[in-house]
2 protein chains.
Amino acid sequence: MSKAYDELRTYMDKAMAIKTAMALFEWDNETLAPREAGELTSKVIGVLSGEYFQAVTCEEMKKLLEKCRDDKSLTTAEAANVRELLEEREQICPIPRNEYQEFARLTAGATGVWARAKKDRDFEAFAPTLERVIGFQKKFAGYRAKDGKKLYDVMLDDYEKGFSMENLDRFFGVLKKELVPFLKKVMEEGKKVEDSFLKGDYPEKKQEELGRFLAEYVGFDFDRGVMAVSAHPFTTNLHNKDVRITTHYTDCVDSSLFSVIHEAGHAIYELGIGDDLTLTPVGQGASMGMHESQSRFFENIIGRSRSFWVPIYARIQEMFPEQLGKVDLDQFVEAVNKVTPGLIRTEADELSYSLHVLIRYEIEKMLIEEDLDVEKLPQLWADKYEEYLGVRPENPAEGVLQDIHWSQGSFGYFPSYALGSAFGAQLYYHMKEIMDFDGLLREGKVDVIRDYLREHIHQYGKLKDSRQILKDVTGEDFKPEYYVRYLKEKYSAVYGL
Amino acid sequence: MSKAYDELRTYMDKAMAIKTAMALFEWDNETLAPREAGELTSKVIGVLSGEYFQAVTCEEMKKLLEKCRDDKSLTTAEAANVRELLEEREQICPIPRNEYQEFARLTAGATGVWARAKKDRDFEAFAPTLERVIGFQKKFAGYRAKDGKKLYDVMLDDYEKGFSMENLDRFFGVLKKELVPFLKKVMEEGKKVEDSFLKGDYPEKKQEELGRFLAEYVGFDFDRGVMAVSAHPFTTNLHNKDVRITTHYTDCVDSSLFSVIHEAGHAIYELGIGDDLTLTPVGQGASMGMHESQSRFFENIIGRSRSFWVPIYARIQEMFPEQLGKVDLDQFVEAVNKVTPGLIRTEADELSYSLHVLIRYEIEKMLIEEDLDVEKLPQLWADKYEEYLGVRPENPAEGVLQDIHWSQGSFGYFPSYALGSAFGAQLYYHMKEIMDFDGLLREGKVDVIRDYLREHIHQYGKLKDSRQILKDVTGEDFKPEYYVRYLKEKYSAVYGL
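All figures in this text were calculated on a predicted structure; none of them were measured in a lab.

(A) Layout of the relation of the copies chain A and chain B. Of the transformation superimposing chain A on chain B, the axial component is 0.0 Å and the angular component is 180°, with the fit at an RMSD of 0.0 Å. Viewed as a symmetry operation, the transformation between the two copies matches a two-fold axis. Of every C-alpha in chain A, the one belonging to Ala-21 of chain A sits nearest the axis of rotation, 3.0 Å from it.

Put into structure tokens, the structure is as follows:
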């Protein structure tokens with residue numbers, strides 16, 4: 001090992017240890033911590049995050065990275081870590097420390113302002129804060145923009161390397177052109193789908209049992225993972241031997257059921273990271289979009305397919321004899337694929353989901369690139385929902401205030417949700433060519449599919465970006481058409497079109 | 001605030017944040033972490049503990065502490081933090097870093113060696129490791145011993161400031177002289193106590209309900225605390241708004257019941273630390289002994305008194321109608337105070353408990369001060385158990401291998417267990433003079449007793465050491481006689497002597 005890299009390793013280990021500790025605090029905070037702990041624990045996390053910042057930005061790190069940058073003796077993983085840290089520094093270092101801290105203080109409070117505004121259905125109460133957050137993010141992107149790069153492109157690149165307004169305009173353009181009319185057609189001409197039996201008396205204890213069964217069935221390893229309850233489902237990874245998922249229980253059994261499979265998809269990705277990469281900067285999923293591709297692949301492409309349920313549906317019926325005993329497999333699969341265009345992104349069905357993201361993408365572009373007045377957001381939001389989804393929010397809580405992201409300054413994040421689904425569809429058509437995808441599911445061999453994903457995607461962590469992964473696996477650059485094809489084929493069948 | 005202290009605060013905050021993170025990892029590890037997480041998580045904790053070491057020992061810290069040492073403008077709490085950090089540095093800094101790391105590696109493995117040896121009942125397998133651990137600890141104490149201080153005194157002082165072989169010889173001398181014959185008398189002349197009803201079908205769920213009720217009843221605040229399950233009960237404190245206890249469930253209901261009250265006692269101490277002290281070096285219990293005094297005060301002096309159960313026993317009977325419905329209050333209280341001299345310290349009754357500690361104290365002194373050959377330990381251990389407690393271990397697992405402490409290098413720790421009980425007794429006789437102690441318990445007013453302890457002990461954290469606390473509260477220096485008096489009065493009554 002090179003001497004400089006060896007020294008770098010010390011700083012890297014420190015940064016990763018602190019990051020892991022912060023991940024544990026986050027997990028604990030959402031699942032277990034007592035009600036009054038928050039304020040003091042936030043203080044602790046604040047100090048740790050300052051230490052992380054310090055580890056990444058310090059002069060020693062800079063010098064060591066310079067030494068390592070062109071060191072040809074480094075392994076692929078070592079070189080990737082150097083590259084990753086250099087990129088992380090490029091994101092942080094150009095921002096003056098005092099402005100960064102001011103922004104951190106602002107966003108620390110902004111989430112509370114947003115939550116209250118949402119509760120009070122009062123957009124005006126959030127607007128000034130949002131305006132300040134946007135101001136900071138534009139200023140920061142400005143510090144970092146090189147060679148006349150556009151501000152929103154700087155932000156997009158943070159979440160999904162290699163994606164910019166140029167290719168995203170094309171992506172969302174295809175979605176808009178194809179899916180908006182297709183969704184209308186499904187709603188107007190499609191048959192009626194019955195799903196009332198999914199709602200009712202599904203005891204929490206039994207739902208948990210079902211969730212644990214399904215998580216394990218798709219490949220979540222309880223020797224290297226934990227499942228708990230939180231208000232909003234999420235996945236936390238400490239390292240590739242400890243990845244944790246949460247779920248929540250409602251009176252709609254499909255809610256927890258598919259949230260477990262979704263989070264298990266995220267977790268399987270992290271559990272599949274190579275042993276040589278875990279606890280290093282590149283030892284995590286390639287990108288937000290690639291992560292979402294895996295969670296949505298497990299949730300939708302696998303989990304909402306008929307074949308998936310063939311070997312296990314009888315068992316599910318045994319778990320819920322009163323609720324599902326008289327519902328046959330086809331009725332069940334149809335129900336979990338029911339399309340209901342609605343106002344809330346996180347509750348959206350698979351078909352209308354990406355249109356929620358499209359709306360956010362269009363609005364973010366206007367906010368960042370066209371100086372859209374934030375006061376105009378509620379109206380604009382409502383108009384777009386009416387146009388694309390045929391529904392109109394009655395208040396901002398079910399409209400522009402529904403997502404937490406903007407209060408935290410996360411602009412450029414939303415597109416990854418739709419990209420993830422589209423990556424998944426492209427992977428799916430490729431896999432169908434080289435394996436009997438449905439046959440495997442019908443035989444209960446999810447593991448063959450999972451192992452393929454691990455071998456071709458998961459193990460690499462951030463050694464490759466999402467476009468490179470798609471190219472290496474499918475032989476093609478990213479193509480939005482697969483996603484549209486997948487949705488049209490699937491929902492034409494479900495709705496008898 | 002002084003400028004130097006203000007700067008010091010940054011290093012202190014860092015050290016405390018890392019310590020808090022390590023506490024959370026420890027909690028998580030014992031209660032929740034998946035089976036295979038250990039190895040990688042240990043690596044993370046290793047890095048964090050190195051960072052803690054670095055924060056306390058670094059040159060900047062040294063300079064700032066020197067500046068603050070004689071700064072008269074510091075508040076009492078600030079000055080105490082400076083003193084505390086100086087003491088911590090005096091413990092660590094004289095030890096060469098490479099030896100410290102070698103020792104850390106040794107003890108990291110030693111616990112595993114000990115656990116296997118205990119499982120195999122094979123002392124020989126542990127002896128060489130134990131010898132190395134002792135060697136390191138003696139060497140380290142030698143580096144730190146000033147003015148001809150004895151090595152074991154250096155170790156004792158780490159756990160209980162102001163205590164040395166001089167006053168501990170006197171303390172344990174009194175225990176030996178008074179309690180060994182008294183225990184014999186109880187066993188030979190006392191009446192027979194029936195406690196078979198405490199063992200049986202006590203469902204875990206109901207035990208948990210009982211535990212939560214009792215924890216809350218004695219003052220554990222579930223808005224600032226969590227209760228979970230672990231192999232061995234313990235308390236973790238993150239700060240004074242987040243203190244956590246664990247328990248374990250067996251078929252003996254009194255085991256979990258009193259472990260909950262015991263850990264709640266520890267937790268109430270930490271929850272009572274002043275807001276100005278929490279998350280600073282002095283923001284924790286004064287000493288091991290003072291901590292144990294509070295946990296054992298709640299467990300034994302409060303929890304095993306008849307008065308404590310008067311207002312709540314009917315409710316306990318309602319919880320367990322089949323198991324306790326026909327057991328009256330007096331039978332119940334007698335049963336939970338049954339004396340059964342045994343081989344295992346952690347299962348010992350209140351009366352024989354300190355004799356277990358006496359044996360460890362006498363042996364530690366011989367190991368550290370008289371170069372006792374470790375090969376002789378099993379025999380010596382067995383002889384002392386036979387002499388003081390009237391029982392003789394049949395194998396080292398129930399003898400010299402029972403405790404984890406020595407494998408971790410904790411010599412000088414055991415005496416605090418007995419000191420804690422004795423501190424509690426001294427506090428008890430004082431409190432009885434100024435309040436109607438039993439009357440309060442009978443009226444269900446544990447809160448008055450708890451508030452007294454909080455006001456006079458808990459809030460101060462480490463601003464005072466245990467001897468100072470005793471002097472300030474009771475007006476007297478530590479006196480072992482109260483403890484002997486308490487045990488004799490109580491157990492003479494229980495056993496009709």
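(B) Just the confidence of the model for chain A, in detail. In the predicted model, chain A carries a mean pLDDT of 96, and 100% of its residues have values of at least 70. Both scores are given for the predicted complex: the pTM is 0.94, the ipTM 0.93.

(C) The domain arrangement of chain A, seen in detail. All names here are of chain A. Under the domain assignment used here, chain A contains domain 1 (1-92) and domain 2 (97-496). For domain 1 and domain 2, the distance between their C-alpha centres works out to 27 Å. Contact with domain 1, which involves 24 residues of that partner, is made by 25 residues of domain 2. With both chains or domains summed, domain 1 and domain 2 bury close to 2200 Å², and 61% of this area falls on carbon and sulfur atoms. Counting across the domain 1 and domain 2 interface gives five residue pairs in polar contact (both at pLDDT 80 or more). For the side of domain 1 that touches domain 2, the secondary-structure elements that each account for two or more residues are helix H1 (3-31), helix H2 (38-57) and helix H4 (76-92). Split by residue class, the side of domain 1 that touches domain 2 holds 10 nonpolar, six polar and eight charged.

(D) Broad picture of unusual backbone geometry. In the Ramachandran plot, Asp-147 of chain A falls in the positive-phi region, its phi being about 50° despite a non-glycine side chain. Tracing the backbone shows Asp-147 of chain A in the loop between helix H6 (123-144) and helix H7 (151-159).

(E) Layout of the UniProt feature "active site" (unreviewed entry) in chain A. All names here are of chain A. The feature "active site" (unreviewed entry), as annotated in UniProt, sits at Glu-263 in this numbering. Within the secondary structure, Glu-263 is located in helix H10 (residues 253-271). When its relative accessible area of 8% is taken as the criterion, Glu-263 is described as buried. With near-sequence residues (within four places) excluded, Glu-263 lies in contact with Pro-233, Phe-234, Thr-235, Ile-245 and Thr-246.

(F) Quick peek at helix H10 (residues 253-271) of chain B. Taking 1.5 Å of rise per residue, 19 residues should cover 27 Å, and H10 of chain B covers 26 Å from first to last C-alpha, within 8% of that figure. Most of H10 of chain B is tucked away, with 17 of its 19 residues classed as buried.

(G) Highlighting the sheet that holds strand S2 (residues 235-239) of chain B. Residue and element names in this part refer to chain B. Read across the open sheet, the three strands follow the order S1-S3-S2; overall the sheet is mixed. Since the sheet does not close on itself, it has two edges, and those belong to strand S1 (225-229) and S2, each with one partner. Across the sheet, the mean angle separating the axes of adjacent strands is 15° when strand polarity is ignored. Here five bridges tie S1 to strand S3 (residues 242-247), and the two strands are oriented parallel to one another. Bridge pairing links Ala-228 to Thr-246 in S3.

Rules used in this analysis
- Residues numbered from 1 in each chain as written.
- Chains lettered and ligands numbered in written order.
- Predicted model: local features only at pLDDT ≥ 70, side-chain atom pairs only at ≥ 80, totals over all residues.
- Heavy atoms only, no water.
- Least-squares fit on C-alpha atoms with pLDDT ≥ 70 in both.
- pLDDT = per-residue confidence, 0-100.
- Domains from an automatic or database assignment.
- Contact = heavy atoms within 4.5 Å.
- Buried area = accessible area lost by both parts, 1.4 Å probe.
- Polar contact = N/O pair within 3.5 Å; in protein donor to acceptor, adjacent residues only side chain to side chain.
- Helix = DSSP H or I, 4+ residues; strand = E, 2+ residues; numbered from the N terminus.
- Nonpolar A, V, L, I, M, F, W, Y, C, P; charged D, E, K, R; others polar.
- UniProt positions renumbered as here; feature names shortened; annotations may be inferred.
- Buried < 20%, exposed > 50% of the residue type's maximum accessible area, 1.4 Å probe, protein only.
- Expected span 1.5 Å × (residues − 1).
- Pairing = 2+ DSSP bridges.
- Axes fitted to C-alpha atoms, helices over the stretch in contact; angles between N-to-C directions.

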